[in-house]
Amino acid sequence: IDTKDPQNFLGGVEIHTVDLMRHLDPNVFSVHCASDNQAFLNYLEQQTGLRRGEKLFSLRPIGYSSLTTLGEIKRLLLRLRPDILHTQKLKSSIWGRLGARIARVPVVISTLHGAPSFWKKHPVKDMVSRVANAVTTNWCSDASIALSTLEREYLIQRDRVRPSLV
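All values reported here derive from a predicted model rather than from experimental measurement.

> What is the right way to read a nonpolar patch on the surface from this model?
A cluster of nonpolar residues, Val124, Met127, Val128, Val131, Val135 and Trp139, forms a patch on the protein surface that exposes about 630 Å² of accessible area. Summarising the element assignment, Val124 is placed in helix H6 (residues 123-140).

Put into structure tokens, the structure is as follows:
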């Protein structure tokens, strides 16, 4: 990751997050961001003026068996007490939804970017991802935002996510 060239590490997820954080009225919303991408947090800090530890939080790298990360997310959510948690990306959404339900966050929303590309590379990881995504979306989420018709079809058909949630 080249932090001097934001185009090398900023994709749709990151641009969407920066845009949301810049445009939500701070008199109405208290917006926080937690990420395991340090270069992105550096960029977000520069673009929004928000500071780490106050509104921006570093997480350990999020993997498929990150019970430590789940505990970290749960503790952060219990401290912040958000009304809404909006997660993005697959692994972040899986662990974030679980942490949110444990911490009793009232509303949990997820946006998955590029869902069809998740399930092509590694059969075992793909199966684990689909099952974990289905379980946490169906049982721990209030809504899942699909950014395309193809992503919606994948979530419903492949992941068995209830259509009413997408």
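> I would appreciate a short explanation of the sheet that holds strand E3 (residues 84-88) in the present structure.
Within a beta sheet, neighbouring strands are joined by backbone hydrogen bonds and run either parallel or antiparallel to one another. Read across the open sheet, the three strands follow the order E3-E4-E5; overall the sheet is parallel. With partners counted over all chains shown, the strands left at the sheet margins are E3 and strand E5 (143-146), one partner each. Pairwise comparison of adjacent strand axes, ignoring direction, gives a mean angle of 20° for this sheet. In this sheet, strand E4 (residues 107-112) lies alongside E3 in parallel orientation, the contact comprising five bridges. Each residue of the ladder has a partner; that of Ile84, found in E4, is Val107. Together, E4 and E5 form the strand contacts of helix H7 (residues 149-158), whose direction differs from that of E5 by roughly 140°.

About the criteria used
Think of each chain on its own: its residues are numbered from 1, step by step along the sequence as written. Only residues with pLDDT of at least 70 get local features here, since the model is predicted, and only at 80 or more are side-chain atom pairs given and counted; chain-wide, interface and lining totals rely on the full set of residues. Excluded from the side-chain calculations are hydrogens and water; all other atoms, namely the structure's heavy atoms, are used. Grouping into patches uses exposed residues only, defined as over 30% relative accessible area, and leaves out salt-bridged ones; the cut-off is 9 Å for like charges and 5 Å for nonpolar side chains (Val, Leu, Ile, Met, Phe, Trp, Tyr). What sets the accessible areas is the Shrake-Rupley method with a 1.4 Å probe; for residues, cover comes only from the shown protein chains. We define a salt bridge as a side-chain nitrogen of Lys or Arg found within 4 Å of a carboxyl oxygen belonging to Asp or Glu. The helix count covers DSSP runs of H or I at least four residues long, the strand count covers runs of E at least two residues long, and both are numbered beginning at the N terminus. DSSP-based pairing: two strands are paired if at least 2 bridges between them are found. All axes are obtained by fitting lines to C-alpha atoms, using only the stretch in contact for helices, and the reported angles, taken between N-to-C directions, cover 0 to 180 degrees. Contacts: residue pairs with any heavy atoms within 4.5 Å of one another.

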